[in-house]
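Structural overview
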Amino acid sequence: MNSYTQFNLKSNPFRLTPALSSDELIWAGFPDLKKRIENRILKAIKISNSSLILNWGDYGSGKTHAARYFTNLNVLSNLKIGTNNLPLPLIINFPRSKEPVKEIYTQIIDKIDIDDIRRRLEKAGIDIASVLSQVTDNVLIQNIISLLLNPTVSPQIMKSYLYGTASITSNFVDKNVSRKLVSDIDYIELLSALFSVITYDKKAYSCVIIWIDEFESISILNTVSISNVNNLIRSLLDYVPNNLLIFLNLTQSAMMDVSDLSDYLQEAVKSRIQDKIELGIPDLEAFKLYLKELLNNPLYRTSECSDKPYFPFEEKVIDQIFNDLGGSVSLRRYNDAFSLLLDEAMIENVCPIDLDFYTQKKSEIIID
């Protein structure tokens, strides 16, 4: 028997890390924030101009969750986008290596489905050669993209070539591809041409959406690497002027704040940020809405508790925990506290969870 059934719950809903499975990705509360991100995505889907958006907030404010939620194709398909052509969404973890551009490029190649891209382009009737000649004058890049999108070429062999791990075969040489990709410029030009082809006229994909998570890690790179990352972002926006949306997720801390971006983003990149979306500290009203929607989501709730929206927690407990945490902590800290309290109540078979029980356990729940 599930230990949480006494609470009308299937499991503990207070995740301490963002969900990975698409079946477990839900959005609770914060309707204004959700709408603001949705609007940015809808603009990218419907309007051609590429854009750069900064999402910022404290550690545990939900930036990674937002990235995973809004790259879920089920979520994107439920948006009223007015088109059957979904975006190509990608999440990239900010690289900490000495070759950040190559690592970002590799992560993107890891995530793209070559077969799916080929099917979509064929269905859309895209003249690949014609489009390639419009989006790049680099003959090598044109030839590589032609091979990548050619259904007679093995996707596995193609990816091995893109990674630089495969030898140049005679088939590649015959197509005038006689060397590997070796420089940041090569990686940037290939990605730019690929994105431009697959989003041409929004026929196969409406746009490409890239979320770069943990962007604050740029502060640990050396000067050359910081410059290279700037060049990547600037060049992608230059070479893919249409149908590209980039989100930068930035965690502010004592070491890195939004105001410190000038130390790491060159003016040519910083000036292109079209919107700054704050994932702020929730007030009591916002947190209660989040808590109500989380607890009553069908993913977790076994049966409806319309008369007790916070069950198994009494509302006085919520008010007290919020007060004890000072009302100025991230959502993750609240999740930590309520997760611990719920587990303590499960272990001791206490339901509902009232103020007396919380007071007994307070020293184990509220840890400075």
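For the structure, check the block above.
Residues numbered from 1 in each chain as written. Predicted model: local features only at pLDDT ≥ 70, side-chain atom pairs only at ≥ 80, totals over all residues. Heavy atoms only, no water.

Once that is clear, we can look at the sheet that holds strand S2 (residues 88–93). Strand order in the open sheet formed by five strands is S2-S3-S4-S1-S5, and the pairing between neighbours is parallel. Among the strands making up the open sheet, the edge pair consists of S2 and strand S5 (273–279). Put simply, the sheet's adjacent strands are angled 20° from each other on average, direction ignored. As judged from the five bridges shared by strand S3 (residues 208–213) and strand S4 (residues 244–251), these two strands associate in the parallel manner. The partner of Trp211 across the bridge, within S4, is Phe247. Contacting strand S1 (51–57), S3, S4 and S5, helix H1 (residues 31–46) runs over the sheet at an angle of about 155° to S5. Contacting S1, S2, S3, S4 and S5, helix H2 (residues 63–70) runs over the sheet at an angle of about 155° to S4. (Pairing = 2+ DSSP bridges. Helix = DSSP H or I, 4+ residues; strand = E, 2+ residues; numbered from the N terminus. Axes fitted to C-alpha atoms, helices over the stretch in contact; angles between N-to-C directions. Contact = heavy atoms within 4.5 Å.)

So, about the pairing of S4. Among the eight residues in S4, eight count as buried, and that is most of the element. Residue alternation in S4 divides its side chains into two sets, Leu244, Ile246, Leu248 and Leu250 and Leu245, Phe247, Asn249 and Thr251, and both sets are buried. With seven bridges joining them, S1 and S4 adopt parallel strand pairing. Paired with Trp56 across the bridge in S4 is Leu250. Following the backbone out of S3, through helix H11 (residues 223–239) and into the adjacent parallel S4, one traces a crossover that is right-handed. (Buried < 20%, exposed > 50% of the residue type's maximum accessible area, 1.4 Å probe, protein only. Right-handed = clockwise from strand over helix to strand, strands pointing away.)

Turning our attention to the packing of aromatic side chains. Following the criterion strictly, the structure yields 16 aromatic pairs and no others. Residues Tyr4 and Phe7 carry aromatic rings whose centres are separated by 6.5 Å and whose planes lie at 50° to one another, so their mutual orientation is tilted. A relative accessible area of 0% means that Phe7 is categorised as buried. Taken together through their ring pairs, the aromatic side chains of Phe14, Phe30, Phe287, Tyr290, Phe313, Phe322, Tyr334 and Phe338 make up a single cluster. The lysine or arginine in question, Arg332, covers the ring of Tyr59, its NZ or CZ lying 4.5 Å from the ring centre. (Phe/Tyr/Trp six-rings, centres within 6.5 Å; stacked < 30°, edge-to-face > 60°. Lys NZ or Arg CZ within 6 Å of the ring centre and 35° of its normal.)

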